[in-house]
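Architecture at a glance
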Amino acid sequence: MASLCSTQLRVIVGLIEHAEEQPLPEALRRTSFFTRVLCFLALGRPDLEDHWKSLQSEQAFETVRTRLSSILASNITTAGILFTISSVFVTTGSPVPYFDYTSPAPHCLLFMSLMLAVIALLTSSSSIIRWVHTDRHWTQEVRVIVAIPTVLADLNMVSNSS
């Protein structure tokens, strides 16, 4: 048991020391369609290759961080406009009788649009704050911390099979 713990510690220390030298793991290369759509919406690319490569140098990380901040700023602007339009429609009456958006169905849809705009504003704002204040080394540390449970699970499976 002691040798297994020391092996786990050596693997973890090796992950931390060589975080910049690691290629994209195979599990992150082969992703589902849903994951590719989420990556495209979050990162502007359908895979994690660029994001992974951005962790290799400061210049690449700054490029990706600038691009993502731009995407988030566009999301904030769009959500703000949608929020404003929805607020106007929810709080005012219809000026013409043939377009009554104060009836229950359109009013409910406008209210849902208002709430989704608020959610988009909050999540995009918090993400842009995170991207503005993060650095490459912190992102690498988070990546290593996320990778540790997977490595430990793999080591436990290997030790249990032998």
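Just so it is clear, the structure is predicted and the values come from calculations on it, not from any experiment.

Each helix and strand in the protein chain was counted, giving seven helices and zero strands. For the protein chain, the N- to C-terminal ordering of α and β elements is α-α-α-α-α-α-α. Looking at the protein chain as a whole, 25% of its 162 residues are labelled buried. Residue pairs at least 24 apart in sequence account for 70% of intrachain contacts in the protein chain once pairs closer than 6 positions are excluded.

Moving on: the pattern of salt bridges. Scanning the model with the defined rule gives one salt bridge in all. Between Arg65 and Glu62 there is a salt bridge, with the nearest N and O atoms lying 2.5 Å from each other. With Arg65 and Glu62 both in helix α5 (residues 58-91) and three residues apart, the pair spans about one turn of that helix. Among the residues examined, Arg65 registers a relative accessible area of 15% and is labelled buried.

What counts, and where the lines are drawn
Residues numbered from 1 in each chain as written. Predicted model: local features only at pLDDT ≥ 70, side-chain atom pairs only at ≥ 80, totals over all residues. Heavy atoms only, no water. Helix = DSSP H or I, 4+ residues; strand = E, 2+ residues; numbered from the N terminus. Buried < 20%, exposed > 50% of the residue type's maximum accessible area, 1.4 Å probe, protein only. Contact = heavy atoms within 4.5 Å. Salt bridge = Lys/Arg side-chain N within 4 Å of Asp/Glu carboxyl O.

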